[in-house]
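An overview of the molecular structure
One letter stands for each residue in the lines below.
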Amino acid sequence: MEPNLGSDHVFRPATRADRVDALRVLANALPGRQPVDMELMLAAFEVALENCSRWGLSQATREILQGSLPHGFMPSPPELRREVDRVMAPHLAARRREAEERRRYTWEDDKPRALPAPKGNPEAVARWRVRRAAQQAEAAVKSAGAPVDQALFADREARKTRTAADAVADFLSRQDRRQISSSAENVSDPDPESTDATKAGSRLRRSLKAKQ
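The following paragraphs examine the structure supplied in this document. As the structure is a prediction and not an experimental result, all values here were calculated from the model.

**Thoughts on the overall build of the protein chain**
- A tally of regular secondary structure across the protein chain gives eight helices and zero strands.
- Each helix and strand of the protein chain, ordered N terminal to C terminal, gives the series α-α-α-α-α-α-α-α.
- When burial is assessed residue by residue, the protein chain has 21% of its 212 residues classed as buried.
- As displayed, the protein chain has an accessible area near 15900 Å², and 54% of this comes from carbon and sulfur atoms.

Pasting the structure below:
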């Protein structure tokens with residue numbers, strides 16, 4: 001049977017009732033040795049079938065009845081579990097490949113990249129197109145960005161056209177204002193270093209204006 005890739009029901013865990021139903025079918029359809037302790041036999045099958053899926057158990061039972069075992073008798077607990085694992089192997093491999101693709105096409109900050117388009121499977125292509133459209137829509141929303149707070153960035157547009165010389169002049173202007181404010185607070189005790197910094201700033205500003 002071809003694996004039904006991507007179907008969640010394939011991995012749905014089997015319940016105790018599912019396991020009992022499978023054993024009832026096998027025990028009534030196939031000859032086998034009569035167990036000495038029925039409860040012990042059921043407990044052994046419970047251990048063997050731990051964490052198996054409902055679909056896997058059902059498919060393994062079907063294939064055993066169709067002759068997948070090298071004998072025509074009731075399978076032992078290990079034999080039944082091996083059959084379940086065998087029919088589940090393609091699905092588990094597909095799940096691992098899908099997980100690996102998600103890991104390979106994910107940025108370090110867990111933002112998915114664009115997955116490569118699959119080939120040969122129309123359903124997979126359709127799912128890829130849906131995911132790709134969702135990624136493009138998310139990227140468009142993020143590129144638009146959040147609205148700018150004019151109270152915090154009132155000069156945002158002006159900053160875009162500002163040159164390096166304008167930035168230096170603006171910095172020096174702020175430095176001058178700080179120096180003037182500091183000088184006003186310390187008139188009685190002027191700081192020589194502050195005076196030198198102000199003079200240096202003035203010389204640099206004149207040099208920039210001369211270059212322009």
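**A look at the side chain of E79**
- Here E79 shows up in helix α4 (residues 77-104).
- R82 is the oppositely charged side chain nearest to the buried, salt-bridge-free E79, at an N-O distance of 4.7 Å.
- Within the local environment of E79, its side chain forms a polar contact with the backbone nitrogen of S76, the two atoms lying 2.9 Å apart.
- Look past the residues within four positions of E79 in its chain and what remains in contact with it is H71 and M74.

**Describing the pattern of salt bridges**
- Summed over all chains, the structure comprises seven salt bridges.
- Between D21 and R24 there is a salt bridge, with its nearest N and O atoms 3.0 Å apart. Of this pair, D21 and R24 both sit in helix α1 (residues 16-29), three residues apart, which is roughly one turn of that helix.
- D21 sits in the partly exposed class, given a relative accessible area of 39%.
- By relative accessible area, which is 46% here, R24 ends up partly exposed.
- By sharing partners, the salt bridges in this structure join R16, R19 and E46 into a single network.

**What to know about the side chain of E63**
- Mapped onto the elements of the fold, E63 is located in helix α3 (residues 54-65).
- Relative accessible area serves as the criterion here: at 15%, E63 is assigned to the buried category.
- In this view, E63 contacts S68, R86 and V87; residues no more than four positions away in its chain are not counted.

**Description of the nonpolar core**
- Ranked by size, the top nonpolar core spans 19 residues in total, and within it L57, L80 and V84 carry the most contacts.
- For this core, the elements supplying multiple residues, two or more each, are α1, α3 and α4.
- Sequence-distant contacts of V84, defined by excluding residues within four places in its chain, comprise L49, C52, G56, L57 and A60.

**A few points about the layout of surface pockets**
- Considered as a void within the structure, the second largest pocket measures approximately 560 Å³ in volume.
- As for the second largest pocket, its lining consists of 24 residues, and the residues nearest its centre are R33, P35, M41, F45 and M74.
- Put simply, the parts of the chain that give the lining of the second largest pocket at least two residues each are α1 and α2 (38-48).
- Looking at which element gives the most residues to the lining of the second largest pocket, the answer is α2, with six residues.
- Taken together, the residues of the lining of the second largest pocket sort by class into 17 nonpolar, three polar and four charged.

**A word on the packing of aromatic side chains**
- Per the counting criterion, the structure on display carries zero aromatic pairs.
- For R95, the ring lying beneath its charged end belongs to F11, and the centroid distance is 3.7 Å.

**Description of the environment of E46**
- Residue placement: E46 occurs in helix α2.
- Linking E46 and R19, residues 27 residues apart in sequence, is a C-alpha distance of 7.6 Å.
- Residues within four places of E46 in sequence aside, it is in contact with R16 and R19.

**Regarding α3**
- In this model α3 runs 17 Å from its N-terminal to its C-terminal C-alpha over twelve residues, within 8% of the 16 Å that 1.5 Å per residue would give.
- Within α3, burial applies to W55, G56, L57, Q59, A60, T61, E63 and I64.
- Buried-residue contacts for α3 involve α1 and α4.

**Remarks on the packing of α1 against α3**
- With their axes 10 Å apart at the nearest point, α1 and α3 run at an angle of 5 degrees to one another. By the criterion of interaxial angle, the relationship of α1 to α3 is roughly parallel. Between α1 and α3, the residues in contact are D18, R19, A22, V25, L26 and A29 and R54, L57, T61, I64 and L65, respectively.
- For the contact of α1 with α3, the residue count by class is seven nonpolar, one polar and three charged.

Conventions and cut-offs
Residues numbered from 1 in each chain as written. Predicted model: local features only at pLDDT ≥ 70, side-chain atom pairs only at ≥ 80, totals over all residues. Heavy atoms only, no water. Helix = DSSP H or I, 4+ residues; strand = E, 2+ residues; numbered from the N terminus. Buried < 20%, exposed > 50% of the residue type's maximum accessible area, 1.4 Å probe, protein only. Areas by Shrake-Rupley, 256 points an atom, 1.4 Å probe, with all protein chains shown as cover. Lys, Arg positive; Asp, Glu negative; His and termini not counted. Salt bridge = Lys/Arg side-chain N within 4 Å of Asp/Glu carboxyl O. Polar contact = N/O pair within 3.5 Å; in protein donor to acceptor, adjacent residues only side chain to side chain. Contact = heavy atoms within 4.5 Å. Core = buried A, V, L, I, M, F, W, Y, C linked by side-chain atoms within 4.5 Å. 1 Å grid on protein atoms, 1.4 Å probe; cavity = no way out; pocket = protein on both sides within 12 Å on 5 of 7 lines; lining within 4 Å. Points joined across faces, edges and corners; volume = space filled by probe spheres on them. Nonpolar A, V, L, I, M, F, W, Y, C, P; charged D, E, K, R; others polar. Phe/Tyr/Trp six-rings, centres within 6.5 Å; stacked < 30°, edge-to-face > 60°. Lys NZ or Arg CZ within 6 Å of the ring centre and 35° of its normal. Expected span 1.5 Å × (residues − 1). Axes fitted to C-alpha atoms, helices over the stretch in contact; angles between N-to-C directions. Parallel < 35°, antiparallel > 145°, perpendicular 65-115°, else oblique.

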